[in-house]
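# Structural description and commentary
Each chain is listed here by its residues.
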Amino acid sequence: MIYIKKHIRHICKDGEFFNGVSIMKKNDPITKIMSAKVVSVHQGQKLSDVRHIICESSIQHVPVVDGNKLIGLISFTDLMKLNIVISGADERTVDAIVDQQFTIQDVMVTNLTTLSNTATVREASKILAEGNFHSLPVVDQQQQIVGMVTMTDLIQYLNEQY
């Protein structure tokens, strides 16, 4: 016990060891890790637009907006749940079938859990750890989307701490 006490370092108020080795700062603002460049779609767009965004980028979650207000979210998983039988079709045919059978409103999730842009990384990690989803839209006081936080963002943040 005495041996351990001699080797425990004291922690500063800001969450760093005295010797400068950083540890996780649970009160970091969410803006530190969120993606601020959000690609969104308007509710009147075609579902094939969402499919192209997801297929042609590393984006897995696409917010749906009405004007600037967040009203829904479509994920890669949501698109994969669609029951479409297409065998050997080209891109244009796939888009035509998707747009004929479904709208963005049909597929988007509207019961969203969001995070305020004044929240902390800790708050985001608690919500994501307890929920059945992998991303959180970050909104301002007018419910306008200002960013996205994903499980990947949290893992990268944690990795940077050590």
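Residues numbered from 1 in each chain as written. Predicted model: local features only at pLDDT ≥ 70, side-chain atom pairs only at ≥ 80, totals over all residues. Heavy atoms only, no water.

## Looking at the pattern of salt bridges
All told, the structure shown has three salt bridges when counted by the stated rule. Between lysine 32 and aspartate 28 there is a salt bridge whose closest N-O contact spans 3.3 Å. Under the relative-accessibility criterion, lysine 32 is labelled partly exposed at 49%. Put simply, arginine 51 and glutamate 91 hold a salt bridge, and the shortest N to O gap is 2.7 Å. Linking arginine 51 in helix α2 (residues 47–56) with glutamate 91 in helix α4 (residues 91–101), this pair joins segments that are 40 residues apart in sequence. In this structure glutamate 91 comes out as partly exposed when scored by relative accessible area, which is 48%. (Salt bridge = Lys/Arg side-chain N within 4 Å of Asp/Glu carboxyl O. Buried < 20%, exposed > 50% of the residue type's maximum accessible area, 1.4 Å probe, protein only. Helix = DSSP H or I, 4+ residues; strand = E, 2+ residues; numbered from the N terminus.)

## As for the packing of helix α6 (residues 121–130) against helix α7 (residues 151–161)
Packing of α6 against α7 leaves a shortest axis separation of 11 Å and a crossing angle of 130 degrees. Classed by the angle they form, the pair α6 and α7 counts as oblique. Our pair here, α6 against α7, has a crossing hand that is left-handed. Every residue of α7 that contacts α6 at Val121, Ala124, Ser125 and Leu128 is listed here: Met151, Leu154 and Tyr157. Classifying every residue of the contact of α6 with α7 gives six nonpolar, one polar and no charged. (Axes fitted to C-alpha atoms, helices over the stretch in contact; angles between N-to-C directions. Parallel < 35°, antiparallel > 145°, perpendicular 65-115°, else oblique. Left-handed = near helix turned anticlockwise from the far one by under 90°. Contact = heavy atoms within 4.5 Å. Nonpolar A, V, L, I, M, F, W, Y, C, P; charged D, E, K, R; others polar.)

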